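# Summary of structural features
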Amino acid sequence: MTMLTTNAAARAVSATKVYGAGQTAVRALDDVTVEFPERRFTAIMGPSGSGKSTLMHCLAGLDQLTSGRVFLGDVELGSLSDTELTMLRRDRAGFVFQSFNLLPTLTAAENITLPLLLAGRKADRDWLATVVATMGLPGRMSHRPAELSGGEQQRVAVARALVSRPQIVFADEPTGNLDRRASAQLLGFLRLAVSDLGQTIVMVTHDPAAAAAADSALFLSDGRIVGTLAAPSPETVLDRLKELGE
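Given the structure is predicted, the values throughout are model-derived calculations rather than measurements.

Parameters at a glance
Residues numbered from 1 in each chain as written. Predicted model: local features only at pLDDT ≥ 70, side-chain atom pairs only at ≥ 80, totals over all residues. Heavy atoms only, no water. Core = buried A, V, L, I, M, F, W, Y, C linked by side-chain atoms within 4.5 Å. Buried < 20%, exposed > 50% of the residue type's maximum accessible area, 1.4 Å probe, protein only. Helix = DSSP H or I, 4+ residues; strand = E, 2+ residues; numbered from the N terminus. Arc of directions from axis to C-beta. Contact = heavy atoms within 4.5 Å. Pairing = 2+ DSSP bridges. Salt bridge = Lys/Arg side-chain N within 4 Å of Asp/Glu carboxyl O. pLDDT = per-residue confidence, 0-100. Axes fitted to C-alpha atoms, helices over the stretch in contact; angles between N-to-C directions. Phe/Tyr/Trp six-rings, centres within 6.5 Å; stacked < 30°, edge-to-face > 60°.

With that settled, consider the nonpolar core. Within the largest apolar cluster, 46 residues are counted, with the highest numbers of intra-cluster contacts made by Phe41, Ile112, Met135, Leu137, Leu162, Ile201 and Met203. Ranked by residues supplied to this core, first place goes to helix H6 (residues 180–195) with 7 residues. Among the nonpolar cores identified, the runner-up in size contains 30 residues, and Ala12, Ala15, Ile44 and Leu59 belong to it.

Turning next to helix H2 (residues 82–92). Buried within H2 we find Leu85, Leu88 and Arg89. Projected down its long axis, H2 shows its buried positions confined to an angular sector of 100 degrees, all on one face. Where H2 is buried, its residues contact strand S5 (67–72), strand S6 (75–76) and strand S7 (93–96).

Let us look at the pairing of strand S11 (residues 224–230). Pairing between strand S10 (residues 216–221) and S11: 6 bridges, direction antiparallel. Each bridged residue has a counterpart across the sheet, and for Leu220 the counterpart in S11 is Ile225. In sequence, S10 turns back onto S11 through a hairpin of 2 residues, with Asp222 there showing a positive phi of about 50 degrees.

Under the defined criterion, the tally for this structure stands at 10 salt bridges. Here Arg140 makes a salt bridge to Glu152, at a shortest N to O gap of 3.2 Å. Of this pair, Arg140 sits in the loop between helix H4 (125–134) and helix H5 (150–162) while Glu152 sits in helix H5; the two residues are 12 residues apart in sequence, bridging distant segments of the chain. For the salt bridge of Arg240 with Glu243, the shortest nitrogen-to-oxygen distance reads 3.7 Å. Residue Arg240 and its partner Glu243 are both found in helix H8 (residues 234–243); the two are separated by 3 residues, about one turn of the helix. Among the ionic contacts, a cluster of salt bridges with common partners joins Arg27, Asp30 and Arg224.

On average, residues of the chain carry a pLDDT of 93, and 97% of them reach 70 or more. Counting interchain partners and residues more than four positions distant, the pLDDT-below-50 stretch residues 1–6 has 16 contacts.

Now for the sheet that holds strand S9 (residues 201–204). Backbone hydrogen bonds hold the strands of a sheet together, and the pairing may be parallel or antiparallel. On the basis of which strands lie adjacent, the open sheet formed by 6 strands has the order S7-S8-S9-S4-S10-S11 and mixed pairing. Only two strands of the sheet have a single partner each, and these edge strands are S7 and S11. The mean angle between the axes of side-by-side strands here comes to 20 degrees, regardless of whether they run parallel or antiparallel. Note: strand S4 (residues 41–45) against S10, 4 bridges, orientation parallel. Of the residues in S10, the one forming a bridge with Thr42 is Ser216. Against the sheet, H5 engages S7 and strand S8 (168–172), with an angle of about 170 degrees to S7. This element, H8, spans S4, S10 and S11 of the sheet and lies at about 160 degrees to S11.

What follows concerns the packing of aromatic side chains. For the coordinates displayed, the defined rule picks out 2 aromatic pairs. Here the aromatic rings of Phe95 and Phe97 are separated by 6.1 Å at their centres, their planes lie at 0 degrees, and the arrangement is stacked. Under the relative-accessibility criterion, Phe97 is labelled partly exposed at 29%. Between Phe95 and Phe170, the ring centres sit 6.0 Å apart and the planes meet at 25 degrees, which makes this aromatic pair stacked. In this pair, Phe95 sits in strand S7 while Phe170 sits in strand S8, placing the two residues 75 residues apart along the sequence. Accessibility assignment for this pair places Phe95 and Phe170 in one class, buried.

Moving on, we get to unusual backbone geometry. Of note, Arg39 is a non-glycine position whose phi angle comes to about 60 degrees, a positive value. Along the polypeptide, Arg39 turns up in the loop between strand S3 (26–37) and S4. Positive phi values are uncommon outside glycine, yet Glu173 reaches one of about 50 degrees. Using a relative accessible area of 12% as the deciding quantity, one classes Glu173 as buried.

Shown next as structure tokens:
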């Protein structure tokens, strides 16, 4: 299935990813063409082994396609050297993972601004204050990770992803280590990052409640796009997953 929109923050064209060879080969992505529009929140869903994480990793330049092309904005990732790809990820993409990946000896403020420090850039103080306020963290900036709840740590991780004003944020199961209340809070903050800050978020999740925070949900099965859902709700997402055998 081909999914095309305009003003894409990221896109894949005939993306195919095969692991292994011969009889043991696994086709994780099978000729996928899709675009992710700017300033939108998209959830990627599907049964285990459907290719959803592989698609996100290839879009983010964390894994390479076997064939096909992927773009961040108008830049084709396959045309870049390893150094150029590293710089593009640093400057144009933000990442949020299931594990918070915060440095325990640094405060929340230091963890948030660490990527800028490593890149030799100074934080835009107004933007930093806006991100911190949007993530509900103003009173927690001097705390180290051990002094923060799991939900607060993940919000620090989201703020770290947003502080460089990335073209797109990739979130891989960001609520996976959170309880229901903390998950709902985090999803609300992600929603604000799109609606109030104009960010673009692509999120892989298995949770229908998490997908319901997105503007749309994209469904994969056996490495192929098998459907989309606008304005998803937990119920409509769950129904679609049941149809896919999840």
